[in-house]
Amino acid sequence: MTETAPKKRGRPRAGGSRTINKQVIATAALRIAGAEGFPALTMRRLAEEFGVTVRALYNHVSDRQEVIDLVAAEMTNAIPAHDFDPQHWEDSFRQMYREGRAFYRQHPRAALISLTETVTLTTVPISRILSTERMLAFLTGIGLRLEDAVAVRGLFLVDIFGYTLLIDDRNDRSDDATRREHSAPVPAPWLDVHRDLDVPLSRAALDLELGTNDDHFEVMIERALGHVRRLRQSGAASSSSR
């Protein structure tokens, strides 16, 4: 007598032929959260991505929280490990900024995970802890006090998350005309609506060549680098006075 295999829960919808496992779920979920934000990452939205029913997803993950944990791990594991070089620390610092921007520019809204979601502590990858330790070791190794190194790391995250969310995300989705409009301190259409408003500096700024977003990002790096130089000098002065 031939046994009949039990039916799996949640049959695929018509046209749903993609192989589903935790890895492809994590990749798809990161893509959705990175482009649309975590509120858009629902089980229904994820099921639509694969062309299956929501019930079918539960053959692979227990609930949405597990999906969030998978996304957090996928993000951490996908971030390139920076090759810190204390001997050429300024170039290394610049490259750290550029690499951070390049990664989060691909998934800008995923940077909001700490604001909108809670990651299960036991699922946080060890690499997340080790990457922080490596950055702090680099910063203290070039002469910063630990408290200054922690502060510089915090400023780095603010710069990267802020720039990719507020500047890159908007501009990467816009056409050239919209990008030019957004680059002005006050957009031209706003000023056109209020032609009698006495704001000569804002109007004059429309004619300035303000550079590209890449130019502005490099200026931000140099500003951060200048701050680190001052901290190193301050630390050296404090040590010599003891």
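Above: the structure in question.
Conventions used here
Residues numbered from 1 in each chain as written. Predicted model: local features only at pLDDT ≥ 70, side-chain atom pairs only at ≥ 80, totals over all residues. Heavy atoms only, no water. Helix = DSSP H or I, 4+ residues; strand = E, 2+ residues; numbered from the N terminus. Rg over C-alpha atoms; globule rule 2.2 N^0.38 Å. Buried < 20%, exposed > 50% of the residue type's maximum accessible area, 1.4 Å probe, protein only. Contact = heavy atoms within 4.5 Å. Areas by Shrake-Rupley, 256 points an atom, 1.4 Å probe, with all protein chains shown as cover. Lys, Arg positive; Asp, Glu negative; His and termini not counted. Charge placed at Lys NZ, Arg CZ, Asp CG, Glu CD. Expected span 1.5 Å × (residues − 1). Polar contact = N/O pair within 3.5 Å; in protein donor to acceptor, adjacent residues only side chain to side chain. Salt bridge = Lys/Arg side-chain N within 4 Å of Asp/Glu carboxyl O.

*Asks:* Please provide a residue-by-residue account of the overall build of the chain, values included.
*Replies:* Looking only at helices and strands, the chain features 12 helices and 0 strands. Starting at the N terminus and ending at the C terminus, the chain contains elements arranged as α-α-α-α-α-α-α-α-α-α-α-α. Here the chain has a C-alpha radius of gyration of 24 Å; the compact-globule value for 242 residues is 18 Å, and the former is much larger. Across its three principal axes, the chain shows a C-alpha extent of roughly 85 × 60 × 25 Å. Per-residue burial over the chain gives 35% buried out of 242 residues. For the chain, contacts bridging at least 24 residues in sequence account for 70% of all contacts bridging at least 6. With an accessible surface of roughly 15,000 Å², the chain has 55% of that area assigned to carbon and sulfur atoms. Of the charged side chains in the chain, 32 are positive and 33 negative, and the gap between their average positions amounts to 7 Å.

*Asks:* Now, about helix H4 (residues 64-78): what can you tell me, with residues and values included?
*Replies:* Between the first and last C-alpha of H4 there are 21 Å, a value that for 15 residues agrees with the 21 Å anticipated at 1.5 Å per step. Among the residues of H4, those classed as buried are Val67, Ile68, Asp69, Leu70, Val71, Ala72, Ala73, Glu74, Met75 and Thr76. Looking at the packing, one finds that the buried side of H4 touches helix H1 (22-36), helix H2 (43-50), helix H5 (89-106), helix H6 (113-116) and helix H7 (126-141). The residue sitting at the N-terminus of H4 and contributing the capping side-chain oxygen is aspartate 63; that oxygen lies 3.2 Å from the backbone nitrogen of glutamine 65.

*Asks:* Give me the lowdown on the pattern of salt bridges, citing residues and values where you can.
*Replies:* Note that side chains of opposite charge can pair when their charged atoms are close. Throughout the structure, instances matching the rule amount to 20 salt bridges. With its nearest N and O atoms 2.8 Å apart, the salt bridge here joins glutamate 218 to arginine 98. Remark: arginine 98 occurs in helix H5 and glutamate 218 occurs in helix H12 (residues 213-240); sequence separation between them is 120 residues. For glutamate 218, a relative accessible area of 29% gives the class partly exposed. Here arginine 101 makes a salt bridge to aspartate 214, at a shortest N to O gap of 2.8 Å. Remark: aspartate 214 occurs in helix H12 and arginine 101 occurs in helix H5; sequence separation between them is 113 residues. Judged by its relative accessible area of 41%, aspartate 214 is partly exposed. Each of Glu90, Asp91, Arg94, Glu222 and Arg229 takes part in a single network of salt bridges with overlapping partners.

*Asks:* An account of the side chain of serine 174 is requested, with residue identities and associated values reported.
*Replies:* Position of serine 174 relative to the elements: it lies in the loop between helix H8 (146-172) and helix H9 (176-183). Of the polar contacts made by the side chain of serine 174, one reaches the backbone oxygen of arginine 170; its length is 2.7 Å. Filtering out sequence-adjacent residues up to four positions away, serine 174 remains in contact with Arg179 and His182.

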